[in-house]
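# Structural overview
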Amino acid sequence: MRGSIVHVVSSTRLERGGPSLSVTQLIENLESLGQSCILVSPDHVCGSDEFAQVRSRTCKSIDELRTLVPSPSIVGLHIHGIWDLELHRATAYARKHKLPYAISPHGMLEPWALRQKAWKKRLALSLYQYSDLKRATLIHGTADSETEQVNKLGLSNPKVTIPNGVTI
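All of these numbers come straight from a predicted model, not from anything done at the bench. (Residues numbered from 1 in each chain as written. Predicted model: local features only at pLDDT ≥ 70, side-chain atom pairs only at ≥ 80, totals over all residues. Heavy atoms only, no water.)

Moving on: the pairing of strand 4 (residues 74-80). Remark: a regular strand shows side chains that alternate across the two faces of the sheet. Most of strand 4 sits inside the fold, with six of its seven residues counted as buried. As judged from the four bridges shared by strand 4 and strand 5 (residues 101-104), these two strands associate in the parallel manner. Looking across to strand 5, one finds that His80 is bridged to Ser104. For the crossover from strand 4 across helix 3 (residues 85-96) to strand 5, the handedness is right-handed. (Buried < 20%, exposed > 50% of the residue type's maximum accessible area, 1.4 Å probe, protein only. Helix = DSSP H or I, 4+ residues; strand = E, 2+ residues; numbered from the N terminus. Pairing = 2+ DSSP bridges. Right-handed = clockwise from strand over helix to strand, strands pointing away.)

Put into structure tokens, the structure is as follows:
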């Protein structure tokens, strides 16, 4: 495949939860198959132990990505998670450059997660998050329950359920 896939995640620090590990392992596996990847993560530290194996280029923000990589060399974005403004900025970047993007909520729409800081999430959902999800080329659930939560939002865009391929 020509071009790079941009993976955007809020954090690559293991203490921040599952996407930190699953995204880094996904990038490692894609790169081992010859797919060029770029990581955008605001708190990524080059050479950090939890990301030592990944050879991809890294950026701290979508703004930095804009200065380092011309958009024609990007084939699409994979947004890992929701709610974070940097993730929202990534969807806006994709739409501006007419790039397809997939969103993997990584459990952030599960009822227990929605109860955490509920008023902020209701506000974000009405201001930008619902629109970002609705305009995604694909929504990726890692479990049937996650895809069911996405369906409850009434979104009609394509959805797929594929478990994270992580090493246990």
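Further notes follow.
The next subject is the pattern of salt bridges. Scanning all chains against the criterion turns up four salt bridges. For Arg66, the salt bridge is made with Asp63, and the minimal N-O distance between the two is 2.7 Å. In this pair, Arg66 and Asp63 both sit in helix 2 (residues 62-68), three residues apart, roughly one turn of the helix. Assessed through its relative accessible area of 39%, Arg66 is described here as partly exposed. Given the relative accessible area of 37%, Asp63 is considered partly exposed. Several salt bridges converge on common partners, so that one network encompasses Asp63, Arg66, Glu86 and Arg89. (Salt bridge = Lys/Arg side-chain N within 4 Å of Asp/Glu carboxyl O.)

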